[in-house]
Amino acid sequence: MDVSYPNSSGARRPAGVAPEGACDAHMHIYDRRFALHGSPDAMVDKATADDYRLLQQRIGTQRTVVVQPRVHGTDNSVTLAAIRALGAENTRGIAVVRPDVSDAELERLHAGGIRGIRFTLYAQANAVTNFSMVEPLAQRVHALGWHVQLHWGADQIAAHAELLARLPCTIVFDHLARLPLPDALSHPAFDVVSRLRENGRTWVKLSGPYLDSKAGAAGGYADTTSIAQAWVRQAPERVVWGSDWPHPTEPVAKPDDAALFDLLSQWVPDAATRHRVLVGNPALLYDFPEMTTKTEKPEK
């Protein structure tokens, strides 16, 4: 059956707009299916694991990175449950942990498909750690081969440049490194991240799914094409895509599936580079198993 759906302009477009084997990163676990703690009002209404699968089918993604949102605190069993529900062979997770997390717990999370740790310090009210604990925790997860995902503001990145240079593990800057408009590329954080990317272990996540609803909003992603393209030009092998669905800024409505990739097409106009961002780069960063296409045969 030919499945199609309307995009924001009202036109219809076939499903499977992503290249085969593409990764959708990151799905925030805000649905009631995985709600163990927190206010139900903070969850996406009527979303289930099947909704995640449907989104994957409609845009053609086959791999997923699930992210621990603040509503679940440090209860990473939520993330592990999502990985199991979506299929551990093609799903990875990002954890949030307290500074006193045990080595045994880190090993358990690794066995369940966790491949990174998230430091959300952009809004201090959401933080479960602080800047002084970033380096010790990064040292510990480095032994597992994990990366650290930094949900930091551009000013924080600039202020902690020396700390960032000392971190031994792979670093992923969330949300385009949160460079502020209109002078994003002249902000000191741009140079900090650029220098770090020269070491081959630093990545930037391209994320900004809500093209219309974000327009004009403080900290939004409208008009950020120039920032995304700057990161892609600098090191296309060191960027990954993040649709960030579902998201607390859209507590009920789901984003337009096609618009997610319309936006990515603006940011990464070259088709071969888009394929790398969606398929090749996530496999390297998130430790996904190698995937073959329909035209490839696995080696014997």
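Residues numbered from 1 in each chain as written. Predicted model: local features only at pLDDT ≥ 70, side-chain atom pairs only at ≥ 80, totals over all residues. Heavy atoms only, no water.

(A) Summary view of the overall build of the protein. Across its full length, the protein holds ten helices and ten strands. Accessible surface for the protein amounts to roughly 13300 Å². Of this, 51% is attributable to carbon and sulfur atoms. (Helix = DSSP H or I, 4+ residues; strand = E, 2+ residues; numbered from the N terminus. Areas by Shrake-Rupley, 256 points an atom, 1.4 Å probe, with all protein chains shown as cover.)

(B) Representation of unusual backbone geometry within the structure. For the bond running from L181 to P182, omega is 5°, close enough to zero to count as cis. Note on placement: P182 falls in the loop between strand 8 (170-173) and helix 7 (188-197). Even without a glycine there, the phi angle at A177 is positive, about 65°. Looking at the element boundaries, A177 is found in the loop between strand 8 and helix 7. Positive phi outside glycine occurs at R178, with the angle close to 50°. Position of R178 among the secondary structure elements: in the loop between strand 8 and helix 7.

(C) Quick look at helix 4 (residues 131-142). Counted at 1.5 Å a residue, the expected span for helix 4 with its twelve residues is 16 Å, and the 17 Å between its end C-alpha atoms agrees. Here helix 4 has its buried residues at F131, V134, L137, A138 and V141. Taken end-on, helix 4 shows its buried residues confined to a sector of 110°, consistent with a single buried face. The elements touched by buried residues of helix 4 are helix 3 (103-111), strand 6 (114-120), strand 7 (147-151), helix 5 (154-159) and helix 6 (161-166). (Expected span 1.5 Å × (residues − 1). Buried < 20%, exposed > 50% of the residue type's maximum accessible area, 1.4 Å probe, protein only. Arc of directions from axis to C-beta. Contact = heavy atoms within 4.5 Å.)

(D) Inspection of the packing of helix 7 against helix 8 (residues 225-234) at higher detail. Between helix 7 and helix 8, the shortest axis-to-axis distance is 11 Å and the interhelical angle comes to 25°. When the interaxial angle is binned, helix 7 and helix 8 end up roughly parallel. For the pair helix 7 and helix 8, the sense of crossing is right-handed. Across the interface between the two elements, F190, V193, S194 and R197 from helix 7 touch A230, W231 and Q234 from helix 8. Tallied by class, residues from the contact of helix 7 with helix 8 come to four nonpolar, two polar and one charged. (Axes fitted to C-alpha atoms, helices over the stretch in contact; angles between N-to-C directions. Parallel < 35°, antiparallel > 145°, perpendicular 65-115°, else oblique. Left-handed = near helix turned anticlockwise from the far one by under 90°. Nonpolar A, V, L, I, M, F, W, Y, C, P; charged D, E, K, R; others polar.)

(E) Representation of the nonpolar core. Grouped together as the largest cluster of nonpolar side chains are 61 residues, with contacts concentrated most on V148, W152, F173, L206 and W231. Residues A25, I94, W203 and F288 belong to the second largest nonpolar core, which totals twelve residues. (Core = buried A, V, L, I, M, F, W, Y, C linked by side-chain atoms within 4.5 Å.)

(F) Local environment of the packing of aromatic side chains. The tally for this structure, following the rule as stated, stands at four aromatic pairs. Plain terms: the ring middles of W241 and W267 are 6.2 Å apart, the flat faces sit at 70° to each other, and that makes the pair edge-to-face. Placement of W241 in strand 10 (residues 239-242) and of W267 in helix 9 (residues 257-267) is noted, with a sequence separation of 26 residues between them. Summarising the burial analysis for this pair, W241 and W267 share the class buried. With centroids separated by 6.2 Å and ring planes inclined at 70°, the aromatic side chains of Y286 and F288 adopt a geometry described as edge-to-face. Both residues of the pair, Y286 and F288, belong to the buried class. Sitting over the face of the ring of Y122, R178 holds its NZ or CZ atom 3.6 Å from the ring centroid. (Phe/Tyr/Trp six-rings, centres within 6.5 Å; stacked < 30°, edge-to-face > 60°. Lys NZ or Arg CZ within 6 Å of the ring centre and 35° of its normal.)

(G) Representation of the confidence of the model for the protein within the structure. With 68% of its residues at a pLDDT of 70 or more, the protein shows a mean pLDDT of 77. Between residues 1-15, whose pLDDT stays under 50, and residues either more than four places distant or in other chains, the model counts 29 contacts. pLDDT under 50 marks residues 293-300. Its contacts with residues more than four places away, or in other chains, come to three contacts. (pLDDT = per-residue confidence, 0-100.)

(H) Geometry of the pairing of strand 10. Burial along strand 10 is two-sided: V239 and W241 and V240 and G242, pointing in opposite directions, are all buried. Two elements, strand 9 (residues 202-207) and strand 10, share four bridges in a ladder whose sense is parallel. Within the sheet, the bridge partner assigned to S207 lies in strand 10 and is G242. (Pairing = 2+ DSSP bridges.)

(I) Broad picture of the pattern of salt bridges. Within this structure, the stated rule accounts for six salt bridges. It is possible to trace a salt-bridge network through shared partners that takes in R118, D174 and K205. (Salt bridge = Lys/Arg side-chain N within 4 Å of Asp/Glu carboxyl O.)

(J) Fine view of the pairing of strand 6. Among the seven residues of strand 6, seven are classified as buried, and the element is accordingly described as predominantly covered. Here strand 5 (residues 91-95) runs beside strand 6; their pairing, made up of three bridges, is parallel. Its bridge partner being in strand 6, G93 is matched across the sheet by I114. Regarding topology, helix 3 serves as the crossover connection from strand 5 to the parallel strand 6, and that connection is right-handed. (Right-handed = clockwise from strand over helix to strand, strands pointing away.)

(K) Fine view of the environment of L181. Topologically, L181 is positioned in the loop between strand 8 and helix 7. Taking the C-alpha atoms as reference points, L181 and I227, 46 residues apart in sequence, are found 9.2 Å from one another.

(L) Looking closely at the side chain of R92. Position of R92 relative to the elements: it lies in strand 5. At 4.6 Å, D287 is the nearest oppositely charged side chain to R92, a buried residue that forms no salt bridge. Only 3.2 Å separates the side chain of R92 from the backbone oxygen of Y286, close enough to count as a polar contact. Those residues in contact with R92, other than ones at most four positions away along the chain, are T64, V65, V66, I83, G113, R115, Y286, D287, F288 and P289. (Lys, Arg positive; Asp, Glu negative; His and termini not counted. Polar contact = N/O pair within 3.5 Å; in protein donor to acceptor, adjacent residues only side chain to side chain.)

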